[in-house]
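So the chains spell out like this:
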Amino acid sequence: MSLSWQYLIIFFGVAIEGPAVTLTAAALAGAGLLDPWVVLLCAGAGNLTGDICWYLLGYFGRFEALVRRFPQLAPLAPEIDRIKAEVAQNAPRMLFIAKLAFGVVSIPTLVAAGVARVPWQRVVPAQLLGELIWSGALVWFGLFFGQYVSQLQNDLRIAALVSGVLFLLLLIWVVRRLIKTQNSATQKQGNND
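Given the structure is predicted, the values throughout are model-derived calculations rather than measurements.

> I'd like a rundown of the overall build of the chain, residues and numbers included.
Assigned secondary structure in the chain consists of eight helices and zero strands. Across the chain, helices and strands are ordered from the amino to the carboxyl terminus as α-α-α-α-α-α-α-α. Relative to a compact globule of 193 residues, whose C-alpha radius of gyration would be 16 Å, the chain shows 28 Å and is clearly more extended. Each of the 193 residues in the chain was classed as buried or not, and the buried ones make up 30%. Positive and negative side-chain charges of the chain, numbering 14 and 10 respectively, have mean locations separated by a distance of 6 Å.

Printed below as a string of structure tokens:
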């Protein structure tokens, strides 16, 4: 089994935008186009890479500089400050829960763990366990959905054919109606002259 460009795209795509890329890749695996185990591995590694980057951003204190450079990240700052002290005490539990929570709560928690200087030995196990559950669930759901993609494709072809025939019949009816209306108007005008 060789690592092809599709799996590299999955890895980098998941590191940037995890759930959407993971579900798409898993659906492709469910349709038989990708290996589901490699998708799971790439999705997990990509998500962990993104998480580690957010943690390191907080750890090395560059988040404030990043907020100055990219003001759209400013809304995350109060949330990070609020949970910084709590994260220092309850890091593994909070990181695990944040990992499983859908949304951006994971990012402030990771940055706060870095800012609070939580040792990586406490961060990585919680992230690994959370990632196994999170990516595993997404891949399983995508596989389940992907099995129906080919059936959905056939159903869409049939629906398109039926819709096309109905549209053609409607078009014929409208044209005939317009012709009748035009003929009636022409006859009325001829009778009035």
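> I'd like a description of the packing of aromatic side chains, backed by residues and values.
Here the structure, examined in full by the defined rule, presents four aromatic pairs. Geometrically, the ring pair formed by Phe11 and Phe12 is edge-to-face, given 5.0 Å between the ring centres and 80 degrees between the ring planes. Their ring planes at 35 degrees and their centres at 5.8 Å tell us that Tyr55 and Tyr59 sit as a pair that is tilted. Remark: Tyr59 and Tyr55 occur in helix H3 (residues 36-59); sequence separation between them is four residues, near one turn of the helix. Taking the relative accessible area as the measure of exposure, Tyr55 reaches 7% and is therefore buried. Looking at Tyr59, the relative accessible area reads 29%, which means it is partly exposed.

> Please provide a residue-by-residue account of the environment of Asp35, values included.
Secondary-structure assignment places Asp35 in the loop between helix H2 (18-30) and H3. Asp35 gets classed as partly exposed once you look at its relative accessible area, which sits at 26%. Along the backbone, Asp35 and Tyr7 are 28 residues apart, and their C-alpha atoms lie at a distance of 9.4 Å.

> Residue-level account of the nonpolar core, with values.
Counting 17 residues, the largest nonpolar core has Val87, Leu95, Ala113, Val118 and Val123 as its most contacted members. Counting residues per element, the ones that place at least two in this core are helix H5 (76-100), helix H6 (106-115) and helix H7 (120-146). For this core, the element with the most residues is H5, which contributes seven residues. Look past the residues within four positions of Ala113 in its chain and what remains in contact with it is Tyr55, Val87, Leu95, Val118 and Val123. Among the nonpolar cores identified, the runner-up in size contains 12 residues, and Ile10, Val14, Val39 and Ala43 belong to it.

Thresholds, definitions, all that
Residues numbered from 1 in each chain as written. Predicted model: local features only at pLDDT ≥ 70, side-chain atom pairs only at ≥ 80, totals over all residues. Heavy atoms only, no water. Helix = DSSP H or I, 4+ residues; strand = E, 2+ residues; numbered from the N terminus. Rg over C-alpha atoms; globule rule 2.2 N^0.38 Å. Buried < 20%, exposed > 50% of the residue type's maximum accessible area, 1.4 Å probe, protein only. Lys, Arg positive; Asp, Glu negative; His and termini not counted. Charge placed at Lys NZ, Arg CZ, Asp CG, Glu CD. Phe/Tyr/Trp six-rings, centres within 6.5 Å; stacked < 30°, edge-to-face > 60°. Core = buried A, V, L, I, M, F, W, Y, C linked by side-chain atoms within 4.5 Å. Contact = heavy atoms within 4.5 Å.

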